[in-house]
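Observations on the three-dimensional arrangement
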Amino acid sequence: MTSTKDLPILCHDVIFKSLFINNVDLLLMFIKDITNLNFKDMHLYCNERPIMRDGEKFKRCDFILRNDNHIINIELNSNYYDTLIIKNTCYVFSLFSTDASSGKEYNKDLVVIQININNFTRFNKPILDFKIIDNTYSNIYLNNIEIFDLDIVKSSKVYYNEDEKGRNYLKWGALFASTTLEEIDNILSSILPLEEKKRIMDELRKITMEVTTMSEAEALREDDKFRR
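Residues numbered from 1 in each chain as written. Predicted model: local features only at pLDDT ≥ 70, side-chain atom pairs only at ≥ 80, totals over all residues. Heavy atoms only, no water.

1. Overview of the packing of aromatic side chains
In plain terms, the rule: Only rings of Phe, Tyr and Trp enter the pairing, Trp through its six-membered ring, and a pair is recorded when the two centres are within 6.5 Å. The plane angle decides the type: under 30 degrees is stacked, over 60 is edge-to-face, the rest tilted. In this text, helices come from DSSP runs of H or I with a minimum length of four residues, and strands from runs of E with a minimum of two, each type numbered from the N-terminal end. Each residue is assigned to one of three classes by its accessible area relative to the maximum for its type, calculated with a 1.4 Å probe on protein chains only: buried under 20%, partly exposed between the two thresholds, exposed over 50%.
With the rule as written, the count across this model stands at 9 aromatic pairs. Each ring, one from phenylalanine 16 and one from phenylalanine 63, has its centre 5.2 Å from the other, and the planes form 80 degrees; the classification is edge-to-face. Placement of the pair is phenylalanine 16 in helix α1 (residues 13-22) and phenylalanine 63 in strand β4 (residues 63-67), with a sequence separation of 47 residues. Classification of phenylalanine 63 as buried rests on a relative accessible area of 0%. When the ring of tyrosine 80 is compared with that of phenylalanine 120, the centres are 5.5 Å apart and the planes differ by 55 degrees; the resulting orientation is tilted. On the criterion of sequence distance, the pair formed by tyrosine 80 in the loop between β5 (70-77) and α3 (84-100) and phenylalanine 120 in the loop between β8 (111-118) and β9 (127-133) is long-range, its members being 40 residues apart. By relative accessible area, which is 39% here, tyrosine 80 ends up partly exposed. With relative accessibility at 11%, the residue phenylalanine 120 sits in the buried group. Grouped by ring-pair contacts, the aromatic residues Phe16, Phe20, Phe30, Phe63, Trp172 and Phe176 constitute a single cluster.

As structure tokens, then:
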């Protein structure tokens, strides 16, 4: 398991889950600013994907929420490796194939969205929005699946170095790239009202203190508790 010293604070799995499970409104605000979709509520969804055939690899997503016909899958990607995109895409299609089909019928209204919070740079933009399209880049093949890649490294650089702080996705990118509570406090000031920000920061200080002293075994137990 990667230690808190190796990752920005909110990219630590236990901290991310502990904070956002207890503050769903903050999570919905993040989803809205990234996807432009405004949800009134969301509920946690099983983050273990069923094994559909013999020999299939076990799949455990980081964070899955559901609202009616929308499924939101959030992945914290701390490092890039050759098969990362394949793995994350498998999650998206597994979610879609499991929930879009029911017996002989198909749910044409189901939408699966994946938000990748990437602690690395692959492209030249802070955020990219992907859909399945043809090779002319003009015709969308399927509207039901969408993937957002948020580059928190690039977002943070743009947020601090250019006069474009008003764009909300840059705020979130810089927030997730933060390595100190002071940085998080400053950015949250532009996102939340004062009292709400104070409450979140008090909660975050408590969580980070607990996680800093948490052993790897305890962190795994915490993750198991989340999954249950």
